[in-house]
Structures are given as C-alpha cells and as structure tokens.
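Inside the fold
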Amino acid sequence: IHKGPVVQVKSREGKVTEQYLKKMYPDLSISILDESQDANYLAKQKEFDLVVKTPGIPARLITVPYITATNLFFSQISNRTIGVTGRKGKSTTASLIDAMIRADGKKVRLLGNIGKPMLGALLTKVDPEEIFVLELSSYMLEDIEYSPNVALLLNLFPEHMDYHDGVDKYYAAKEKIFAYQKPGDVALRGPFREKIPLRAGEIPLLGEHNLANIRAAIRVARRLGISDAAIRKGLRNFKPLPHRLELVGTYRDITFYDDAISTTPESTIAAIEAL
C-alpha cells in the first residue's frame, strides 16, 4: 500500500475499511470521497495515489490504481472460507449454512453482502479454526482476485444491467467466484437434489425457491463434514430473514407477509407461488 493518500466512500463498509486501514497502516494519509458530500467526487480521484473502491461504484468509473475491501480481506486470511452468490437466495442460503455449522459446535462467522463488512473481522485477533461464510454480490465479485475454498453459485437471471453494462458482464462477474480456486477447493452450482431431513410441516421457510436454498445449504454442510444431526438442528431452529416472506401477522382474517426484498419479477413470482 502506498504511503500517500487513500480515498474511499464512507458507507458502512467504507467506515469499517477506514478503521482497518488506520489500525493496520497508521502512517497512511487517508481522505474520504463520497457522493453525498461532493457530487464531483469521481473527478477528484486523480488527486490520490490509491483508491479503496466500495462495491457500489462500478470498476469502469475508477481511473487510478485501486483495491477493494473484499480483496484486502482475502489477502489477509488463511481461514476456511465459504462463498455464496446468486441472483436470489444468497442471504438465506448463507445464513442456513452458518446455522448448520454453528449447530455442529464449530466457530463460524457470517459476513459480506448480508450487511457485515468482512474487514471488521480483522480488527481483532482471528481464531485460525474459525470458518467464514461470505455472501458475495456481483458488485464484490466483479474485480475479485481470490476465490473462497468452497464456492457456491445458486442461480442466474438478469439484474443490475446498469451497473454491469449488460447481462454477459453480469453473469461473468458471478462466475468469477470460481476463477481463483486452487486444487482441493470445492465448486458447486445449483440446482441441488439433497434430501431435506425434516417433515414438510417442520421446514421453517415457505416456497419451492427456499427448498432449493435449503438443499444448497445441505450440500455445502455435507461437503464440510457437518453431521446430519447438526443439519437438522440448524434447519429446525432457523428463523426467516427480515423482509423475505416474513410473517407480519393477521388482521381481520387477512394474513400479511413482508417480502420487500423481492425487487424483481422472478422473486416476486416465487413469493406469490409460495403463498
């Protein structure tokens, strides 16, 4: 890392990145460029030696040398990593994997696009036995230079066309989750046909799309050597994530569900079919 200034956007991830850089590289001179503070922020990047680009900014808009928090994280750890991506279901599937590993008594942390910046884990000492489950978006994968030890691609259908400038580039970004895997790493892509070890009435999630997410999580858990008992326990105790077919309550004999996360026709159709 250069000894000159670094620029980054001060989002949630940006704030954690700033903390990480100040802790690990105290001699760096750090400044912040943020659209909320300066509409002309991109034009000022030329004033800096190095940019830490947040995922929300397409790489094509960066005109100076840059790094990302995602690549910084991967470059600094040797723990086992499980990466989950896909157009829909990645948050639920990553959370299911986390729950199953946790139920097996192993130390695990869920990070990434789910809202927990990865570099935050490196602000304190990391247990080398801890497993990291990482939700990875296409924004994070677009310029990734590392791959997780276990990489899971759930599904693909078009979205984020404005960011990626076309469907082919969007799909290519998703596929990059496998690009840097090494011998012994595991590459998985759906659909999966694992048997779910619960009766239908015990499954805590609604819809065929969530059954697909559960089967994907089971496949990963079994590749990690997680016991069937822990898989059942993790699944049975799982709570649906907020805004994903989340039961709100019943009023005047009408039952309401919060599915605000459905922002595409495909996900909305899946939610309607689930009900």
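Details of the structure are given in the entry above.
Residues numbered from 1 in each chain as written. Predicted model: local features only at pLDDT ≥ 70, side-chain atom pairs only at ≥ 80, totals over all residues. Heavy atoms only, no water.

Little of strand β10 (residues 246-251) sits inside the fold, with zero of its six residues counted as buried. Looking at chain direction, β10 and strand β11 (residues 254-258) are connected through five bridges and run antiparallel. Note on β11: the bridge partner recorded for tyrosine 251 is isoleucine 254. Connecting β10 to the next strand, β11, in antiparallel fashion are two residues, including arginine 252 with a positive phi near 50°. (Buried < 20%, exposed > 50% of the residue type's maximum accessible area, 1.4 Å probe, protein only. Helix = DSSP H or I, 4+ residues; strand = E, 2+ residues; numbered from the N terminus. Pairing = 2+ DSSP bridges.)

The next thing to look at is the side chain of glutamate 13. Structurally, glutamate 13 can be placed in helix α1 (residues 12-24). Here glutamate 13 is buried and forms no salt bridge, its nearest opposite-charge partner lysine 53 lying at an N-O distance of 7.9 Å. In contact with glutamate 13, other than residues within four places in its own chain, are Thr54, Pro55, Ala69 and Pro117. (Lys, Arg positive; Asp, Glu negative; His and termini not counted. Salt bridge = Lys/Arg side-chain N within 4 Å of Asp/Glu carboxyl O. Contact = heavy atoms within 4.5 Å.)

To continue, consider the side chain of serine 137. Looking at the secondary structure, you find serine 137 in the loop between β7 (131-135) and α4 (138-141). On the basis of relative accessibility, which here comes to 8%, the residue serine 137 falls in the buried class. Residues within four places of serine 137 in sequence aside, it is in contact with Thr85, Lys90, Asn113 and Lys174.

Quick look at empty space enclosed by the protein now. Summary: where empty space remains is shown by rolling a probe the size of a single water molecule over the atoms. The final tally for this structure, using the stated rule, is two cavities of 30 Å³ or more. Put simply, the second largest cavity is a space of about 40 Å³. Every residue along the wall of the second largest cavity is listed here: Glu13, Lys53, Thr54, Pro55, Thr68, Ala69, Thr70, Tyr139, Met140 and Asp143. Elements represented by at least two residues in the lining of the second largest cavity include exactly α2 (69-76) and α4. (1 Å grid on protein atoms, 1.4 Å probe; cavity = no way out; pocket = protein on both sides within 12 Å on 5 of 7 lines; lining within 4 Å. Points joined across faces, edges and corners; volume = space filled by probe spheres on them.)

Turning next to helix α7 (residues 208-223). Its 16 residues place the ends of α7 23 Å apart at the C-alpha level, agreeing with the 22 Å of an ideal helix rising 1.5 Å per residue. Those residues of α7 that sit buried are Asn210, Leu211, Asn213, Ile214, Ala216, Ala217, Ile218, Val220 and Ala221. Contacts made by the buried residues of α7 are with β5 (81-85), α3 (90-103), β8 (150-153), β9 (186-189) and α8 (228-236). Of the residues trailing α7, glycine 225 is marked for its positive phi of about 80°. (Expected span 1.5 Å × (residues − 1).)

Counted as a void, the largest pocket has a volume near 890 Å³. Lining the largest pocket are 47 residues, with Arg87, Lys88, Gly89, Lys90 and Ser91 positioned closest to its centre. Top contributing element to the lining of the largest pocket by residue count: α7, with five residues. Taken together, the residues that form the lining of the largest pocket break down as 19 nonpolar, 19 polar and nine charged. Approximately 220 Å³ is the volume attributed to the second largest pocket. Phe74, Ile77, Ser78, Asn79, Thr81, Glu145, Tyr146, Ser147, Asn149, Tyr180, Lys182 and Asp185 together form the lining of the second largest pocket. (Nonpolar A, V, L, I, M, F, W, Y, C, P; charged D, E, K, R; others polar.)

Here β7 lies mainly inside the structure; five of its five residues are buried. Across the two faces of β7 the burial is the same, with Ile131, Val133 and Glu135 and Phe132 and Leu134 all buried. Across four bridges, the pairing between β5 and β7 is parallel. Following the sheet pairing, threonine 81 is matched in β7 by phenylalanine 132. Inspection of the sheet shows strand β6 (residues 108-112) paired to β7 by five bridges, in the parallel sense. Residue pairing in the sheet places valine 108 in a bridge with isoleucine 131 of β7.

Shape is all these values report; function is a separate question.
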